[in-house]
Amino acid sequence: MKVNKCSVIIILLLPVLIFGQAVTVRTDSGLDVVIGGEVELEFVDVEGKGGFANQDLTYNKVDNRSPHMRIDKAILGLRVNYSENLYYKFELRFGDKKANVDIHYARLRVPSYNTTFELGKNKPMVATKRRTEGLPLIGTAFWKGREYHLTSKTETQFGPLEVTGKLSFAMKRQFGTDDAAEDKSFSMLVYDDYNSKDGQTFEYGAAIGLKSYGLLAEGWYYTGELIDDYDWKTSLGFLPGYDDVVDAFDGEANDLTHYWYGGRLTWDINNIHLRGEYIDALDGLLPRNGYYVEGSYRINLKGEANVEPMVRYGVLNIERHPPALGDPDTWDRDMTTLSLLSRLNQNLSLKVEYYLLNEKTGGSILIDEDTGKEIDNTFVKDDQFLFQVKFEF
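Keep in mind the model is a prediction, meaning the values are calculated, not measured.

Draft legend 1. Looking closely at the overall build of the protein chain. For the protein chain, the helix and strand inventory stands at four helices and 22 strands. Here the C-alpha radius of gyration of the protein chain, 23 Å, is about what a compact globule of 393 residues would show, namely 21 Å. With respect to the principal axes defined by its C-alpha atoms, the protein chain has extents near 75 × 55 × 50 Å. Sorting the 393 residues of the protein chain into buried and exposed places 44% on the buried side. Entry remark: accessible area of the protein chain is about 20,400 Å², with carbon and sulfur atoms responsible for 57%. Where the 44 positive side-chain charges of the protein chain centre and where its 60 negative ones centre are 8 Å apart.

Draft legend 2. Highlighting the packing of aromatic side chains. According to the stated counting rule, one finds 15 aromatic pairs in the structure shown. Seen in terms of ring centroids, phenylalanine 43 and phenylalanine 385 are 6.3 Å apart; in terms of plane orientation they differ by 70°. Their pairing is edge-to-face. Of this pair, phenylalanine 43 sits in strand S2 (residues 32-46) while phenylalanine 385 sits in strand S22 (residues 384-392), placing them 342 residues apart in sequence. For phenylalanine 43, a relative accessible area of 27% translates into the label partly exposed. A relative accessible area of 27% places phenylalanine 385 in the partly exposed class. Three or more aromatic residues joined by ring pairs make a cluster, and in this case those are Phe142, Phe175, Tyr191, Tyr222 and Trp260. Above the face of the phenylalanine 175 ring, lysine 172 is positioned so that its terminal group lies 5.3 Å from the ring centre. Above the ring of tyrosine 191, the side-chain terminus of arginine 288 is found at 5.1 Å from the ring centroid.

Draft legend 3. Local environment of the environment of alanine 305. When you line up the elements, alanine 305 lands in the loop between strand S16 (299-300) and strand S17 (306-318). Residue class for alanine 305 comes out buried when judged on its relative accessible area of 14%. Spatially, the C-alpha atom of alanine 305 lies 9.0 Å from that of serine 349, the residues being 44 residues apart in sequence. For alanine 305, the contacting residues outside a window of four places in its chain are Asn300, Arg343 and Leu344.

Draft legend 4. Highlighting the nonpolar core. In terms of nonpolar packing, the biggest core is built from 38 residues, with Val126, Phe142, Trp143, Leu236 and Trp260 touching the most fellow members. Of the residues forming this core, the biggest block, five residues, is contributed by helix H2 (residues 137-143).

Draft legend 5. Representation of unusual backbone geometry within the structure. Of the consecutive residues aspartate 228 and aspartate 229, the connecting peptide bond is found in the cis state with omega at 15°. Note that aspartate 229 resides in the loop between strand S12 (215-225) and helix H3 (230-236). For tyrosine 213, which is not a glycine, the phi torsion comes out positive at approximately 55°. For tyrosine 213, the location among the structural elements is in the loop between strand S11 (202-212) and S12. For arginine 320, which is not a glycine, the phi torsion comes out positive at approximately 65°. As for its position among the elements, arginine 320 is in the loop between S17 and strand S18 (332-345). For arginine 320, a relative accessible area of 38% translates into the label partly exposed.

Draft legend 6. How the structure looks around a negative patch on the surface. Taken together, the side chains of Asp198, Glu225, Asp228 and Asp229 define an acidic patch exposed on the protein surface. Here aspartate 198 is to be found in the loop between strand S10 (187-191) and S11. Using a relative accessible area of 72% as the deciding quantity, one classes aspartate 198 as exposed.

Draft legend 7. Summary view of the pattern of salt bridges. All chains considered together, the criterion is met by 21 salt bridges. One salt bridge connects arginine 343 with glutamate 392, and the closest N-O pair in it is separated by 2.9 Å. Here the residue arginine 343 occupies a position in strand S18, and glutamate 392 occupies one in strand S22, the gap between them amounting to 49 residues. Salt bridges here are not isolated pairs; linked through shared partners, they connect Glu38, Glu40, Lys73 and Lys390.

Draft legend 8. Structural detail: a nonpolar patch on the surface. Together, Leu215, Leu265, Trp267, Ile269, Ile272, Leu274, Tyr297, Ile299 and Leu301 line one region of the surface with nonpolar side chains, adding up to about 760 Å² of accessible area. Secondary-structure elements contributing two or more residues to the nonpolar patch are strand S13 (257-269) and strand S14 (272-283).

About the criteria used
- Residues numbered from 1 in each chain as written.
- Predicted model: local features only at pLDDT ≥ 70, side-chain atom pairs only at ≥ 80, totals over all residues.
- Heavy atoms only, no water.
- Helix = DSSP H or I, 4+ residues; strand = E, 2+ residues; numbered from the N terminus.
- Rg over C-alpha atoms; globule rule 2.2 N^0.38 Å.
- Buried < 20%, exposed > 50% of the residue type's maximum accessible area, 1.4 Å probe, protein only.
- Areas by Shrake-Rupley, 256 points an atom, 1.4 Å probe, with all protein chains shown as cover.
- Lys, Arg positive; Asp, Glu negative; His and termini not counted.
- Charge placed at Lys NZ, Arg CZ, Asp CG, Glu CD.
- Phe/Tyr/Trp six-rings, centres within 6.5 Å; stacked < 30°, edge-to-face > 60°.
- Lys NZ or Arg CZ within 6 Å of the ring centre and 35° of its normal.
- Contact = heavy atoms within 4.5 Å.
- Core = buried A, V, L, I, M, F, W, Y, C linked by side-chain atoms within 4.5 Å.
- Patch = residues over 30% accessible without salt bridge, like charges linked within 9 Å, V, L, I, M, F, W, Y side chains within 5 Å.
- Salt bridge = Lys/Arg side-chain N within 4 Å of Asp/Glu carboxyl O.

Given below as structure tokens:
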């Protein structure tokens, strides 16, 4: 007898939805399985009016300026506890257009060495926990994409100073594109979610963290080689003007150089959060760099409820390569994020965010011969508004 997949999912989710929190069940083999997850329902609006009558005259056009709603993601997560120090976790991700296994990994804790090992698919070890729905530009570009890796994290204490050391061995993530915020019209060059490619290479990383009195300082370095030939030929090689970069710096088109490094300062004390981060990278002959600074203050309300206004300003630059009109992957960008984060209770939260984007497109100001109107191709109007309801269970 065939079993409908949707029915299986509903059966698994039913106790979770009824009780509104993660549920633990015991398998026939005696293992505890914790079931939980989240659903994000979003309303998105890009500045300006939509519709044919209001279509953009500029070369770069926003795909959809009309307000729209969507399920950004629905996550069903399961954690299998094998022992006090070993568990396996995986998350199934469902969206309006696709479903996939988002992350899955095993974690082993060795208490005698204060060390935790992780094996599987997850974000890089230097990624931060998401606070706003819109990530910093450099977060999207460098540490949002999932990778297959083996990592270790060792913690020790020297008086008031907490020291953390991390090591990583990973399958290198190929180049891809992703959105700066919620609108999907103008993508940017990123380290994408891992996908197997011919010529696959590896990436090696190390990081250190120092924490004392609420101040955390982190630094990291990753290195390896570009995927031959997907990264240097299919991705970099098709960027308009990359051949000119090769000629200008007397380089080789198949240069496989790959490294990225960065540092982050975070100060969390009482209800105040402050953070700054910088990343520099070189892939082939294409350097990229960027930074962001952010701050927030959490106002506690009755019970578990709170609101947290937050402001962030971030930059992502592509060096040696001028921006090319019609190819958003080559644009320099900066983005200001204004956000109001609100938690109503343990399982329900709201996010109201506005993204002010500034992209250097490489375009110029033209005059339409038919209408005599000015067409400004030096920038695009794509500031964005987001309202999100997040249900956790």
